[in-house]
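# Structural overview for review
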Amino acid sequence: MTEFSERVESVSISGIREVFEAAGDDAINLGLGQPDFSAPAHAHEAAVEAIRDGRADGYTGNKGMRPLREAIAAKHERDQGIDVSPDDIIATAGGSEALHIALEAHVDAGDEVILPDPGFVSYDALTKLAGGEPVPVPLRDDLTLDPAAVEDAITDDTAAFVVNSPGNPTGAVSPPEDIREFARIADEHDVLCVSDEVYEYTVFDGEFRSPAEFAETDNVVVVNSASKLYSMTGWRLGWVHASSRRIERMLRVHQYIQACASAPAQFAAEAALTGPQDQVSEMTESFRRRRDIVVSGLEDIGLDVPTPGGAFYCMPEVPDGFVEECLERGVIVVPGDAFGEHGDGYARLSYATDEESLREALDVMAEAYDAVA
Ligand SMILES: Cc1ncc(COP(=O)(O)O)c(C=O)c1O
């Protein structure tokens, strides 16, 4: 009988789903990793018009439509002052596919990939699916990734390390000096830095910087996506930018697994990137207010929580049994060990939900805490 590949057997379905299934239908869900806003209206319109006019029916070029890639290049110039050629961009099926092709193109069997732990669930799984060995690096007390810890973990087998600021599941924003260090490490050790920048626009404290601004070699691959920048998770439109030679290798993977990103989504993302940007600041303001509600509420309960500088997550340290007590009382939070072994003893809370539900959830979490503390 045909057995399953060792690679696929080395990964399992994300534990986050299981948590959702354990909770009742009317639970308050602080487990979701997506903004609770609509996509910008001009993005909707651009896609609908393209569909009506019959412009979105066919394949696009493998890298994506030229106007979309020009819009992405203009975004990187506008936001980071980076000169990216539209030729050095591939539009992908979300940041997820961008991460996948970045690792597939650079990781050989047995190669090591250094990952933040706790970190976004896909890094570990995609490394294993590429045949690589994840090397988890614990975070600092403020939940940022320490460049010195990354540098210490580098061996002759290291193919890449992943940086994710603002981070999921932590909400932590790395200071610019750390981002500059990641670029230096990629340059000096000649290893690839995969910079996952999907929460770029959701920063409250500190500032977003990209290792691509500082690197002197082409050892940085940048992953980004319309999902969290514009509340467009369902459109599945992300991208990767890197040097021409790296893009050419990633395109070999993308061409065969995807052909091209969805055409209607490409029209929508182009409009989101080139149209008015007011929704971005409105979303960030709203997340900032919710962050403040949640962090001060958790502190009142007695939980220790590093104040997240961005994204829409926070990660308090929680006593044993807290997550289960929350679930039983109808509030979904995700156990920290779903994001790596060093996430044990923490929970991830997403505050991408309305303020009233957040206040209700905090009351429930206070009861859950009293039950186990
Ligand atoms: C850190 C991080 N990177 C990448 C992704 C992938 O997002 P998408 O595929 O929707 O662009 C996510 C989604 O939750 C994420 O949290």
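To start, this report covers the structure provided alongside it. (Residues numbered from 1 in each chain as written. Predicted model: local features only at pLDDT ≥ 70, side-chain atom pairs only at ≥ 80, totals over all residues. Heavy atoms only, no water.)

## Topic: helix 4 (residues 66–80)
Its 15 residues place the ends of helix 4 21 Å apart at the C-alpha level, agreeing with the 21 Å of an ideal helix rising 1.5 Å per residue. For helix 4, the complete set of buried residues consists of L68, R69, A71, I72, A73, K75, H76 and Q80. (Helix = DSSP H or I, 4+ residues; strand = E, 2+ residues; numbered from the N terminus. Expected span 1.5 Å × (residues − 1). Buried < 20%, exposed > 50% of the residue type's maximum accessible area, 1.4 Å probe, protein only.)

## Some details on the nonpolar core
Counting 60 residues, the largest nonpolar core has L30, V240, M250, L298, V333, L349 and M365 as its most contacted members. The residues contacting L30, other than those within four sequence positions of it, are V331, I332, V333, R348, L349, S350, T353, L358, A361 and M365. Counting residues in each nonpolar core, the second largest holds 33 residues, with I179, F182, F214 and M315 among its members. (Core = buried A, V, L, I, M, F, W, Y, C linked by side-chain atoms within 4.5 Å. Contact = heavy atoms within 4.5 Å.)

## Some remarks on the site of the ligand
As a structural note, the neighbourhood of the ligand is formed by 14 residues, with G95, S96, D196, S225 and K228 the closest of them. At 2.5 Å from a nitrogen atom of the ligand is found a side-chain nitrogen or oxygen belonging to D196. In the complex, 92% of the free accessible area of the ligand, which totals 400 Å², lies under the protein chains. In terms of residue count, helix 5 (residues 94–106) provides more of the shell around the ligand than any other element does, three residues in total. (Near = heavy atom within 4 Å. Polar contact = N/O pair within 3.5 Å; in protein donor to acceptor, adjacent residues only side chain to side chain. Areas by Shrake-Rupley, 256 points an atom, 1.4 Å probe, with all protein chains shown as cover.)

## Describing the packing of helix 3 (residues 41–52) against helix 11 (residues 263–274)
As a packed pair, helix 3 and helix 11 sit with axes 7 Å apart at the nearest point and diverge in direction by 145°. For the pair helix 3 and helix 11, the sense of crossing is right-handed. Seen from helix 3, the contacting residues are H42, A43, A46, A47, A50 and I51; seen from helix 11, they are P264, F267, A268, A271 and A272. Of the residues that constitute the contact of helix 3 with helix 11, the class distribution is 10 nonpolar, one polar and no charged. (Axes fitted to C-alpha atoms, helices over the stretch in contact; angles between N-to-C directions. Left-handed = near helix turned anticlockwise from the far one by under 90°. Nonpolar A, V, L, I, M, F, W, Y, C, P; charged D, E, K, R; others polar.)

## Here we look at the side chain of R69
Within the secondary structure, R69 is located in helix 4. One buried charged residue, R69, remains without a salt bridge, the closest side chain of opposite sign being D87 at 4.1 Å. Setting aside residues up to four positions removed in sequence, R69 forms contacts with K63, G64, P86, D87 and I89. (Lys, Arg positive; Asp, Glu negative; His and termini not counted. Salt bridge = Lys/Arg side-chain N within 4 Å of Asp/Glu carboxyl O.)

## Brief notes about the sheet that holds strand 7 (residues 220–225)
The strand order across the open sheet formed by seven strands is 2-8-7-6-5-3-4, and the pairing between neighbours is mixed. Only two strands of the sheet have a single neighbouring strand rather than two, namely strand 2 (89–92) and strand 4 (133–138). Strand-to-strand twist across the sheet, computed as the mean angle between neighbouring axes with direction ignored, equals 20°. Where strand 2 and strand 8 (residues 238–241) come together, four bridges link them in antiparallel fashion. Following the sheet pairing, A91 is matched in strand 8 by W239. Sitting on the sheet, helix 10 (residues 244–257) is in contact with strand 2, strand 6 (192–196), strand 7 and strand 8, with an inclination near 25° to strand 2. (Pairing = 2+ DSSP bridges.)

## A few points about the pairing of strand 7
Burial analysis of strand 7 places six of its six residues in the buried class, which makes it a mostly covered element. Neither face of strand 7 is exposed, since V220, V222 and N224 on one face and V221, V223 and S225 on the opposite face are all buried. In this sheet, strand 7 lies alongside strand 6 in parallel orientation, the contact comprising four bridges. Within strand 7, the residue paired with C193 across the bridge is V220.

## Focus on the sheet that holds strand 9 (residues 313–314)
Ordered by their spatial adjacency, three strands build an open sheet running 9-12-11, and the pairing between neighbours is antiparallel. Each having just a single partner strand, strand 9 and strand 11 (334–335) make up the two edges of the open sheet. Pairing analysis gives two bridges linking strand 11 to strand 12 (residues 347–350), with the strands arranged antiparallel. Among the inter-strand pairings, P335 is bridged to a residue of strand 12, identified as A347.

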